[in-house]
Amino acid sequence: MSDKPVVTRIAPSPTGAMHIGTARTALFNWLYARHTGGKYLLRVEDTDRERSTEAAVQVIFDGLSWLGIEADETPVFQASRADRHAAAVAEMLARGSAYRDFMTPDELEAERTAARAEGRVVRSPWREAAPNDAPDRPFVVRLKAPLDGETVIDDQVKGRVVFQNKDLDDLILLRTDGTPTYNLAVVVDDHEMGVTHVIRGDDHLNNAARQTLIYQGLGWTPPVWAHLPLIHGPDGTKLSKRHGAQAVGEFADMGYLPEAMRNYLAKLGWGHGDDEIFNDEQAIAWFDIKDVVGAPARLDWDKLNHLNNHYIRLAEPGRLADLVAAILKSRDWPPHDGDLEKLASVIPFVRDGAKTTLELADAVIFALKRRPLAMSDKGKELLNEETRARLGRLRDVYATQGVWDVPSLEAVNRGFAESEGVGLGKIGPALRQVLSGGSPAPDLAGALVSLGKDESLGRLDDALSLGG
RNA sequence: GGUCCCUUCGUCUAUCGGUUAGGACGCCAGGUUUUCAACCUGGAGAGAGCGGUUCAACUCCGCUAGGGACUGCCA
């Protein structure tokens, strides 16, 4: 709220996969920090020891670095800060803004039922108990929240949200085993990490009010809040596995480029006028939390594909070659010497129609095939006597062709068809089969160029000698 | 049940009370064409409903309906 430098953070919990919504939240935090010249931090919320695993932590690191949004400082692990959390609770106890609650699980359950029936919030009888009434049994520490008045969240996305304090319960700060709960840990960590802007999913909007009370109980100033709507599946329900993908890693495996994801995710819930395609510099220059849309957005595969295609067409062929090679390897495609170079030279001819690098991998196979190519049934059908003779003459034309590029070969093909007195339609399909062996391939000239003169002539010779 | 959030073309969105409600993806039609794409041109397509405030409402307010979140000693 002041002119302090902005500090944002992403605080995922390592529970197995990193949801794409978490990735977008990270993106927005990153964009806002960059936009304001502030810092963007990462904190791993691993206080749930049962679910947190090292592998799950790695998933978060991998997902974030794949997306290209690196934190400005080394990650903080929440579990390692337990002593700080405990100290904060001790402070609250001392200040009288927290109390020990000795309710048994059964009593709590009964109170919960009663409270719900009466349409009110759970209240503990220990809230006003004298300190020396303390029985000798396990207890939790609860926030002693105000019973009346209101708590206002001046949210940057949702606007002014007012909560009646009577509707806010005394949340648990420390569990029976002395470990801190999420709401306490978040407040303590955010405060001590110097976080100025908490930008997170709007499933936390209610928590913001209660966390504000904790800030007050500690005598601290709450951060600026910004609650982002969630990302839904194409059908408007919560995004889940059955929508095709949910985790960041899955998008990577499906052949999406990180810059395409960044552009697409940025456009989900935020926008800058009519701009659809923009790079990181533009996004950083334009981004402001205040422009984030308050309503949930649905994941639109068509649009993601469109953007991914755009970025595939922009990418360095060498980089795409590496990506495609990795995909082919995972399909047990045996690599040969020079394949990587071949890929880089072929990719420019086949990338226009590729929505993902998976499709790019499909599109490139025709060029990697080794002679002699197996002829498809369709190819055999097309190669009748007449066509065979014609391709023979075309082969001789190619043999004398010096400049082997797209414009020249297009001219050659047209000229040849003319000299034969037929349309290209009489030649193209058969030639395509001969060159590609029935695999998807670019247009004729593109196929010839990406194959190279020697390979093209070789494949022609193979086909023409077949059944002589 | 209680508290809170959300609601413009199929989808993502623009619109700071006055616009023929704009763009993008997708869709449809046509063009180009040797396949599939890509590409070019054109087209259809929206303010959830009902009240109110105002000279004027998609925009402000209220109600209803429909989605969603929270209501855990999970985060």
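Residues numbered from 1 in each chain as written. Chains lettered and ligands numbered in written order. Predicted model: local features only at pLDDT ≥ 70, side-chain atom pairs only at ≥ 80, totals over all residues. Heavy atoms only, no water.

1. Concerning the overall build of chain A
Each helix and strand counted, chain A has 19 helices and twelve strands in total. In terms of overall dimensions, chain A is more spread out than a globule: its C-alpha atoms have a radius of gyration of 32 Å, far above the 23 Å expected for 468 residues. The C-alpha extent of chain A, read off along each of the three principal axes, is 105 × 40 × 40 Å. Residues classed as buried in chain A amount to 48% of the 468 residues present. Taking the contacts inside chain A whose residues are at least 6 apart along the sequence as the reference set, 76% of them involve residues at least 24 apart. For chain A, the exposed surface amounts to about 21900 Å²; the carbon and sulfur share of it is 51%. Averaging the coordinates of the 55 positive side-chain charges in chain A and doing the same for the 70 negative ones gives two points 2 Å apart. (Helix = DSSP H or I, 4+ residues; strand = E, 2+ residues; numbered from the N terminus. Rg over C-alpha atoms; globule rule 2.2 N^0.38 Å. Buried < 20%, exposed > 50% of the residue type's maximum accessible area, 1.4 Å probe, protein only. Contact = heavy atoms within 4.5 Å. Areas by Shrake-Rupley, 256 points an atom, 1.4 Å probe, with all protein chains shown as cover. Lys, Arg positive; Asp, Glu negative; His and termini not counted. Charge placed at Lys NZ, Arg CZ, Asp CG, Glu CD.)

2. So, the protein's contact with RNA strand B
Every one of the 49 residues lining RNA strand B counts as a neighbour, but Arg112, Arg175, Thr176, Gly269 and Arg432 are closest to it. When atoms of RNA strand B within 4 Å of the protein are split into backbone and base, the sugar-phosphate part holds 64%. The separation between a phosphate oxygen of RNA strand B and a polar main-chain atom of glycine 269 is 2.6 Å. Note that a sugar or linking oxygen of RNA strand B is positioned 2.9 Å from one of the side-chain N or O atoms of arginine 313. (Near = heavy atom within 4 Å. Polar contact = N/O pair within 3.5 Å; in protein donor to acceptor, adjacent residues only side chain to side chain.)

3. Focus on the packing of aromatic side chains
Under the counting rule described, the total for this entry stands at twelve aromatic pairs. On the basis of an interplanar angle of 55 degrees and a centroid distance of 5.2 Å, the ring pair of phenylalanine 28 and phenylalanine 287 is categorised as tilted. Residue phenylalanine 28 is located in helix H1 (residues 20-36), and its partner phenylalanine 287 is located in the loop between helix H9 (280-286) and strand E12 (297-298); the two are separated by 259 residues in the primary sequence. Of the two residues examined, phenylalanine 28 and phenylalanine 287, each falls in the buried class. Here the aromatic rings of tyrosine 398 and tryptophan 404 are separated by 5.7 Å at their centres, their planes lie at 75 degrees, and the arrangement is edge-to-face. For tyrosine 398, a relative accessible area of 0% puts it in the buried group. Members of the aromatic cluster, connected to one another through ring pairs, are Phe28, Trp270, Phe278, Trp286 and Phe287. (Phe/Tyr/Trp six-rings, centres within 6.5 Å; stacked < 30°, edge-to-face > 60°.)

4. Some details on the nonpolar core
Among the nonpolar cores identified, the biggest contains 94 residues, and Leu265 and Tyr398 are the most heavily contacted of them. Here the element with the most residues in this core is H1; it accounts for nine residues. Those residues in contact with leucine 265 that lie beyond four places of it in its chain are Ile20, Ala23, Arg24, Leu27, Phe28, Leu67 and Ile231. Ala98, Val161, Val198 and Ala208 belong to the second-largest nonpolar core, a separate cluster that totals 29 residues. (Core = buried A, V, L, I, M, F, W, Y, C linked by side-chain atoms within 4.5 Å.)

5. Quick word on the side chain of serine 450
Topologically, serine 450 is positioned in helix H18 (residues 444-451). Of the polar contacts made by the side chain of serine 450, one reaches the backbone oxygen of alanine 447; its length is 3.2 Å. Setting aside its immediate chain neighbours within four residues, serine 450 contacts Lys342, Val346, Phe349, Phe366 and Pro442.

6. Examining the domain arrangement of chain A
Parsing chain A into structural domains produces domain 1 (7-74 + 230-301), domain 2 (79-228), domain 3 (316-368) and domain 4 (377-465). Just the C-alpha atoms count here: the centres of domain 1 and domain 3 sit 28 Å apart. Counting residues at the interface gives seven residues for domain 1 and five residues for domain 3. For the pairing of domain 1 and domain 3, the buried interface totals around 430 Å² over both sides, and the portion due to carbon and sulfur atoms is 55%. (Domains from an automatic or database assignment. Buried area = accessible area lost by both parts, 1.4 Å probe.)

7. Overview of the sheet that holds strand E1 (residues 7-10)
Spatially, three strands are ordered E1-E2-E3 in an open sheet, and the strand pairing comes out parallel. Taken across any chain shown, the strands that pair with only one partner, and hence form the sheet edges, are E1 and strand E3 (76-77). Relative to E3, strand E2 (residues 39-44) runs parallel, the two sharing two bridges. Bridging from a neighbouring strand, valine 44 pairs with phenylalanine 77 of E3. (Pairing = 2+ DSSP bridges.)

8. Quick word on the layout of surface pockets
Remark: the empty space left among the atoms is shown by a probe the size of a water molecule rolled over them. Here the largest pocket is characterised by a volume of approximately 820 Å³. Around the largest pocket, the lining comprises 29 residues; the ones closest to its centre are Ser13, His19, Thr22, Asp203 and His204. Residue assignment for the lining of the largest pocket shows that the elements contributing at least two residues are E1, H1 and strand E9 (197-201). When residues in the lining of the largest pocket are grouped by element, the largest group, four residues, is from H1. Residues belonging to the lining of the largest pocket are distributed by class as follows: 13 nonpolar, nine polar and seven charged. Each of two domains, domain 1 (7-74 + 230-301) and domain 2 (79-228), supplies a minimum of three residues to the lining of the largest pocket. (1 Å grid on protein atoms, 1.4 Å probe; cavity = no way out; pocket = protein on both sides within 12 Å on 5 of 7 lines; lining within 4 Å. Points joined across faces, edges and corners; volume = space filled by probe spheres on them. Nonpolar A, V, L, I, M, F, W, Y, C, P; charged D, E, K, R; others polar.)

9. Focus on the sheet that holds strand E5 (residues 140-143)
Strand order in the open sheet formed by three strands is E4-E5-E8, with antiparallel pairing between adjacent strands. In this open sheet, the two strands that pair with only one neighbour each are strand E4 (98-101) and strand E8 (172-174). Looking at each pair of strands side by side, their axes are set apart by 40 degrees on average, direction ignored. Direction of pairing for E5 relative to E8: antiparallel, over a ladder of two bridges. By the bridge assignment, arginine 142 is partnered in E8 with isoleucine 172. (Axes fitted to C-alpha atoms, helices over the stretch in contact; angles between N-to-C directions.)

10. Digging into unusual backbone geometry
For residues that are not glycine, phi is negative in most cases, and the peptide bond is trans in most cases. Between arginine 371 and the following residue, proline 372, the backbone shows a cis peptide bond with an omega angle of -10 degrees. With respect to the element layout, proline 372 can be found in the loop between helix H13 (357-368) and helix H14 (377-382). With a phi close to 65 degrees, aspartate 332 is a non-glycine residue in the positive phi region. Mapped onto the secondary structure, aspartate 332 falls in the loop between helix H11 (317-330) and helix H12 (339-350).

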